[in-house]
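Here are the chains, one letter per residue:
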Amino acid sequence: MGFPNLNGETKLCGLFGFPVEHSLSPAMHNAAFQSSELNWAYLPFAVHPDHLAKAVQGIHPLNLAGVNITVPHKQRIIPLLDEIEPTAAKIGAVNTIVNCGGKLVGYNTDGAGFIRSLAEEADFRPQGKTVLMIGAGGAARAVAFTLALSGCKAIYFTNRTTETARELAKEIALNCGTNTEVLPWGLKMPKETVTGVDLVVQTTSLGMWPNWQAAPEFPFAAVHSGQLICDLIYTPRQTSFLQQAAVQGATVLNGMGMLLYQGVLAFELWTGQSAPIEIMKEALARQLV
Ligand code: ATR
């Protein structure tokens, strides 16, 4: 995509990550800026972990209006910012920075983006619902904290490394007052618990391209229609995990919606305008053909 109107008044946003080559965010945000007739541009910056502090110090002098933060910087960025929005502080990770006249404010739109995708794409609201999280890494943290803060009744966690699941479950119970419980990993998890939940969120990297045949072991026979089963992976569009859940009649959702809506929320924080959601969705789809 070209930048026909770049000039001295162009407002710049960026992405700090390492690596950033495969990010879909530049295409999504630049399409959004163009369609909104905003003289803005979004650039990927490969920021080595050793240079993160210097890159952050450069945000204001270079007049960057906003920055997305991705792997491996989402946690380490926190002490480098002036203010952290309370949900991002609880999650312990920032994916969006807004430059408010030199004050750098950190937000996390990953979890909120996931919840917005549930509402928009599956008409699902977390209030009073019971959830099973598979995995307990960074993505699981953002999603689980936001679900808990949105009023989920209970969250079950299962993870290959049980101790990590225990720590996350404890932290969420303490910080959000949500009932949490840790289940055994794989086929040992109780089938009746799987049957009883409203939402399952698969957050591990199992099944991600090119290892698309992989999936966490899971008692799929306990899944039924009326449940919403999500996988945060979007390449492939339907993981083996989602395929096996769909066979049981469950509604399935991949990670495209979370990717889209975390971007939508970042766009709105930076520009103060409603995001052109369909344009952003099409830009993502074009990247993934
Ligand atoms: P992300 O930010 O994408 O969540 P992460 O923080 O590295 O990435 O977390 C990866 C998650 O996938 C973890 O829950 C991890 O389980 P462990 O805590 O046991 O490492 C899970 N995961 C990765 N590879 C896995 C595998 N081969 N089998 C089962 N779980 C796996």
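Residues numbered from 1 in each chain as written. Predicted model: local features only at pLDDT ≥ 70, side-chain atom pairs only at ≥ 80, totals over all residues. Heavy atoms only, no water.

## Topic: the overall build of the protein
Across its full length, the protein carries 10 helices and 12 strands. The C-alpha atoms of the protein give 19 Å as radius of gyration, which agrees with the globular expectation for 289 residues (19 Å, within 12%). Its C-alpha atoms give the protein principal-axis dimensions of about 60 × 40 × 30 Å. Buried residues in the protein amount to 49% of all 289 residues. Long-range contacts, defined here as pairs at least 24 residues apart, represent 70% of the contacts in the protein between residues at least 6 apart. With an accessible surface of roughly 13,200 Å², the protein has 52% of that area assigned to carbon and sulfur atoms. With 19 positive and 22 negative side-chain charges, the protein shows a spacing of 4 Å between the two charge centroids. (Helix = DSSP H or I, 4+ residues; strand = E, 2+ residues; numbered from the N terminus. Rg over C-alpha atoms; globule rule 2.2 N^0.38 Å. Buried < 20%, exposed > 50% of the residue type's maximum accessible area, 1.4 Å probe, protein only. Contact = heavy atoms within 4.5 Å. Areas by Shrake-Rupley, 256 points an atom, 1.4 Å probe, with all protein chains shown as cover. Lys, Arg positive; Asp, Glu negative; His and termini not counted. Charge placed at Lys NZ, Arg CZ, Asp CG, Glu CD.)

## Comments concerning the domain arrangement of the protein
On domain assignment, one finds that the protein holds domain 1 (11-107 + 258-287) and domain 2 (111-254). Computed over C-alpha atoms, the centres of domain 1 and domain 2 are 26 Å apart. Taken together, the contact pairs 14 residues of domain 1 with 18 residues of domain 2. Between domain 1 and domain 2, the buried area comes to about 1,300 Å², and carbon and sulfur atoms account for 66% of it. Along the contact surface separating domain 1 from domain 2 lie zero salt bridges. Summed over the shared surface of domain 1 and domain 2, the number is one residue pair in polar contact (both at pLDDT 80 or more). (Domains from an automatic or database assignment. Buried area = accessible area lost by both parts, 1.4 Å probe. Salt bridge = Lys/Arg side-chain N within 4 Å of Asp/Glu carboxyl O. Polar contact = N/O pair within 3.5 Å; in protein donor to acceptor, adjacent residues only side chain to side chain.)

## Overview of the pattern of salt bridges
For the structure shown, the criterion picks out seven salt bridges. Its salt-bridge partner being Lys103, residue Glu83 comes within 2.8 Å of it at the nearest N-O pair. Of this pair, Glu83 sits in strand β4 (residues 83-84) while Lys103 sits in strand β6 (residues 103-107), and the two are 20 residues apart along the sequence. Relative accessible area serves as the criterion here: at 37%, Glu83 is assigned to the partly exposed category. Note that Glu171 is salt-bridged to Arg141, the shortest N-O span being 2.7 Å. Remark: Arg141 occurs in helix α5 (residues 138-149) and Glu171 occurs in helix α6 (residues 162-176); sequence separation between them is 30 residues. The exposure class assigned to Glu171 is partly exposed, which follows from its relative accessible area of 27%.

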